[in-house]
Number of protein chains: 2
Amino acid sequence: MRNFDENSITQAVLDRVARASDARTRQVSQALVRHLHAFVKEVEPSMQEWEAAIGFLTQTGQMCDDKRQEFILLSDTLGVSMLVDAINHRDMAGATDTTVLGPFYVQNPAVFPLGSDISDGMKGQPLFVSGTVASTDGTPLAGAAVDVWHSDGDGYYDVQQMEELGGLSMRARLLTDADGRFHFWTIKPAAYPIPHDGPVGKMLEAQGRHPYRPAHVHFMIHAEGHDTLVTHVFIAGDDYLDSDVVFGVKDSLIRELVPHPPGEAPDGRLMGRDYHSLAYDFRLKRPSASAA
Amino acid sequence: MRNFDENSITQAVLDRVARASDARTRQVSQALVRHLHAFVKEVEPSMQEWEAAIGFLTQTGQMCDDKRQEFILLSDTLGVSMLVDAINHRDMAGATDTTVLGPFYVQNPAVFPLGSDISDGMKGQPLFVSGTVASTDGTPLAGAAVDVWHSDGDGYYDVQQMEELGGLSMRARLLTDADGRFHFWTIKPAAYPIPHDGPVGKMLEAQGRHPYRPAHVHFMIHAEGHDTLVTHVFIAGDDYLDSDVVFGVKDSLIRELVPHPPGEAPDGRLMGRDYHSLAYDFRLKRPSASAA
């Protein structure tokens, strides 16, 4: 097989990847070739544009390290992450809605006792976060691992300021009590631009888009016998709820930040200054029959 | 805009990228979103498969350095490079056919006088390469810059063995004489596997494909008032002409390797051993009216 032209090459590549022994690899490879070639045929890139695309992808990969995942940002900002999330969570059956993982999760965060201040003394407005974890039928889930992570009051995550902080902060694993409850102290997160000093930032600028996400706290909740829940709780009233750069906002995930005067907090802590509280009751589903 | 699901998110992303002020950026962004989302909707990746895709792209970028371009290999092996090449060379009007650039070109190679041995004493079977450069109307093109590069007899390029070689080899720029002629000595290239110790090699293996390209010499020819020609000359009889991993072979680019006994070579050099010769007459076109 030789002498391929723009009419014959797609089938030639499809025939070649059809040799994959694994059926799923074959299916994904063929779909990739069809859609990728259809895209190229539609936009008819010049050689210079092809070189620019190669350069963009290369820089996106090279921007990635243990603190930065530029390809996740690309997936997020093109709506692919939320699309994949939606496809994988069609039947929520009363469970809490999901949203994107984002690029800032760190595996196996340190376990903090309930009621801890997970901000490690960071400057910011105090925030009391509490909630419950239950199965969709209402049964409280004791010992569920509640991983939380969020930005500081300037919109930066710990991993973006490791040199200044010297370690992780504003992230923890909490274990629910016998009634499926958890609570912790931290500082109020802010809306923030996703890291935009790389290729994805340049893309957003070229597309006339702002890089902001509304303020939120990330949650990943593992409980035995249930699907892991990856979601955020968004703060009501944020300017960017309707234009989240990663398309991740759902009304069901928005909660009011409740202001409190100084005094005794819900967990008995005596607060010498104003603080806010944020609460969310999570519901986790059991694996669906087809995936069980 | 919020609460996107798999039915509504594509239009939401299209609306967002429609803000691009540059019309071409808008067109390419919208086409990318449509085709990328269509691919995702067709294959319905699991969260683990999405993570694997992010990992594959990240590793592909991180494999790239000044001697290795893994994203070009990916484009080549998925037939995208030849498709883009075909789209950009529809009206060849008697000019030499084009093929892929490949990942081993080095900008601005050293200029060698005609008749030089560009292999810098590398071990291998001697090869005399000659040819002419002319315009499609037959007018010889004097002073054309003929950039050549090729593998050694084991199938490796200089940039793949810089530590052992200590510098570049088997690549040069030659300038055609008053009659548009060029000739040089080198060693016979071999068929070779593209670098397959990275993500693209793993992809080929999963797709049941071999990583080989048939033996060839790369040419990039610049001549004033003409389109730059990027092509190869393939060696007739090679085992991989019909299964080139990058889909680059065209019959018009295949030439016989002519064996010669020891004695006086075409350029007067006295050869004490057998050698081969390879010849090609290139034709370059003037820019088409629409691109002028």
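Being a predicted model, the structure only gives us computed values, none of them experimental. (Residues numbered from 1 in each chain as written. Chains lettered and ligands numbered in written order. Predicted model: local features only at pLDDT ≥ 70, side-chain atom pairs only at ≥ 80, totals over all residues.)

J.: Help me out: how do you make sense of the overall build of chain A in this one?
T.: Assigned secondary structure in chain A consists of seven helices and 13 strands. With the C-alpha coordinates aligned to their principal axes, the bounding extent of chain A is approximately 80 × 45 × 35 Å. Within chain A, the proportion of its 292 residues that are buried is 43%. Nonlocal contacts in chain A, meaning residues at least 24 apart in sequence, comprise 68% of its contacts between residues at least 6 apart. (Helix = DSSP H or I, 4+ residues; strand = E, 2+ residues; numbered from the N terminus. Buried ≥ 20, exposed ≤ 12 C-beta atoms within 10 Å, placed from the backbone. Contact = placed C-beta atoms within 7 Å.)

J.: I keep staring at helix α5 (residues 80-88) of chain A and nothing clicks. Help me out?
T.: Because the α-helix completes a turn every 3.6 residues, residues three or four places apart line up on one side. The buried fraction of α5 of chain A amounts to seven of the nine residues, a majority that puts the element mostly inside the structure. Where α5 of chain A is concerned, the buried positions are V80, S81, M82, L83, V84, D85 and A86 of chain A. Along its buried surface, α5 of chain A packs onto α4 (70-77) of chain A together with α1 (9-17), α2 (23-43) and α3 (47-62) of chain B.

J.: Sorry, what's going on with the nonpolar core here?
T.: Soluble globular proteins: nonpolar side chains tend toward being buried together. With 74 residues, the main nonpolar core has M82, V133, V146, I221 and L284 of chain A as its most contacted residues. Among the nonpolar cores identified, the runner-up in size contains 39 residues, and A172, W185, V217 and L229 of chain B belong to it. (Core = buried A, V, L, I, M, F, W, Y, C linked by C-beta atoms within 7 Å.)

J.: Mind showing me how you'd approach the interface of chain A and chain B here?
T.: Interface extent is often summarised as the accessible area lost during association of the parts. Taken together, the 65 residues of chain A in the interface contact 64 residues of chain B. Every element with two or more residues in the side of chain A that touches chain B is listed here: α1 (9-17), α2 (23-43), α3 (47-62), α4 and α5 of chain A. Top element by residues in the side of chain A that touches chain B is α2 of chain A. It accounts for 15 residues. When its residues are assigned to classes, the side of chain A that touches chain B shows 35 nonpolar, 18 polar and 12 charged. (Nonpolar A, V, L, I, M, F, W, Y, C, P; charged D, E, K, R; others polar.)

J.: In this structure, what is going on with the domain arrangement of chain A? I would like to understand it.
T.: Segmentation of chain A into domains returns domain 1 (1-44) and domain 2 (74-291). The C-alpha centroid of domain 2 of chain A is placed 40 Å from the C-alpha centroid of domain 1 of chain A. (Domains from an automatic or database assignment.)

J.: Explain the sheet that holds strand β2 (residues 145-150) of chain A to me, please; I cannot follow it from the model alone.
T.: Hydrogen bonding along the main chain pairs the strands of a sheet, whether they run parallel or antiparallel. Residues and elements named next belong to chain A. Strand order in the open sheet made by the five strands is β3-β2-β7-β8-β9, with mixed pairing throughout. Looking at which strands have only one partner, the edges of the open sheet turn out to be β3 (171-175) and β9 (254-255). The sheet contact formed by strand β8 (residues 229-235) and β9 spans two bridges and is parallel. Bridge pairing links I235 to R255 in β9. (Pairing = 2+ DSSP bridges.)

J.: How do you make sense of the relation of the copies chain A and chain B when you look at a structure like this?
T.: Put simply, the second copy of the chain is the first one after a rotation about an axis and a shift along it. Taken as rigid bodies, chain A and chain B are interconverted by a rotation of 180° and an axial shift of 0.0 Å, the fit giving an RMSD of 0.0 Å. Taken together, the rotation angle and the small translation identify this as a two-fold axis. Scanning chain A for the C-alpha nearest the rotation axis identifies G61 of chain A, at a separation of 2.0 Å. Interface residue correspondence from chain A to chain B reaches 98%, placing this contact among same-surface, isologous pairings. (Least-squares fit on C-alpha atoms with pLDDT ≥ 70 in both.)

J.: Please explain the packing of α2 of chain A against α2 of chain B as it appears in this structure.
T.: Two measures define how a pair of helices packs: the angle their axes make with one another and the distance between the axes. Running from N to C, α2 of chain A and α2 of chain B cross one another at 160°; their axes reach a closest spacing of 9 Å. On the basis of the axis angle, α2 of chain A is roughly antiparallel to α2 of chain B. For the pair α2 of chain A and α2 of chain B, the crossing hand works out as right-handed. Contacts from Q27, V28, A31, L32, H35, A38, F39, E42 and V43 of chain A of α2 of chain A reach α2 of chain B at Q27, V28, A31, L32, H35, A38, F39, E42 and V43 of chain B. A class-by-class count of the residues in the contact of α2 of chain A with α2 of chain B yields 12 nonpolar, four polar and two charged. (Axes fitted to C-alpha atoms, helices over the stretch in contact; angles between N-to-C directions. Parallel < 35°, antiparallel > 145°, perpendicular 65-115°, else oblique. Left-handed = near helix turned anticlockwise from the far one by under 90°.)

J.: So what exactly am I meant to see when it comes to the pairing of strand β1 (residues 126-135) of chain A here?
T.: Consecutive side chains of a regular strand alternate in pointing toward one face of the sheet and then the other. Residues and elements named next belong to chain A. Most of β1 sits out of view: seven of its 10 residues are buried. Direction of pairing for β1 relative to strand β4 (residues 181-187): antiparallel, over a ladder of seven bridges. The residue of β4 that forms the bridge with S130 is H183. Note: β1 against strand β13 (residues 275-284), nine bridges, orientation parallel. The partner of V129 across the bridge, within β13, is L278.

J.: Would you mind showing me how to read the packing of α1 of chain A against α2 of chain A here?
T.: All names here are of chain A. α2 packs onto α1 with a crossing angle of 165° between their chain directions and a minimal axis gap of 9 Å. Judged by the inter-axis angle, α1 sits roughly antiparallel to α2. For the pair α1 and α2, the sense of crossing is right-handed. On α2, the residues that touch T10, V13, L14 and V17 of α1 are R26, S29, Q30, V33, R34 and H37. Per-class residue counts for the contact of α1 with α2 are four nonpolar, four polar and two charged.

J.: Can you walk me through unusual backbone geometry in this structure?
T.: Most peptide bonds are trans, and most residues other than glycine sit at a negative phi. Residue and element names in this part refer to chain A. Positive phi, close to 60°, is recorded for N3, a residue that is not glycine. Considering the arrangement of structural elements, one finds N3 in the segment before α1. Residue class for N3 comes out partly exposed when judged on the 14 C-beta atoms lying within 10 Å of it.

J.: Got a minute to help me understand the environment of A31 of chain B in this structure?
T.: Residue position: A31 of chain B is located in helix α2. Residue A31 of chain B is classed as partly exposed on the basis of its C-beta count, with 17 C-beta atoms lying within 10 Å. Separated by 59 residues in sequence, A31 of chain B and R90 of chain B place their C-alpha atoms 22 Å apart. Sequence-distant contacts of A31 of chain B, defined by excluding residues within four places in its chain, comprise F39, E42 and V43 of chain A.

J.: Help me understand helix α7 (residues 199-206) of chain A in this model?
T.: Residue and element names in this part refer to chain A. Of all the residues in α7, the buried ones are P199, V200, M203 and L204. When α7 is viewed along its axis, its buried side chains cluster within an angular range of 140° and face the same direction. If you follow the buried residues of α7, they end up packed against α3 and α4. Remark: G208 follows α7 within two positions and exhibits a positive phi of approximately 70°. (Arc of directions from axis to C-beta.)

J.: What is the right way to read the sheet that holds strand β4 (residues 181-187) of chain B from this model?
T.: Residue and element names in this part refer to chain B. On the basis of which strands lie adjacent, the open sheet formed by four strands has the order β4-β1-β13-β10 and mixed pairing. Each edge of the sheet is formed by a strand with only one pairing partner; in this case those strands are β4 and β10 (258-260). Within the sheet, the average angular offset between the axes of one strand and its neighbour, ignoring direction, is 25°. Here β10 pairs with strand β13 (residues 275-284) via three bridges, running antiparallel. Bridging across to β13, H260 finds its partner in Y275.

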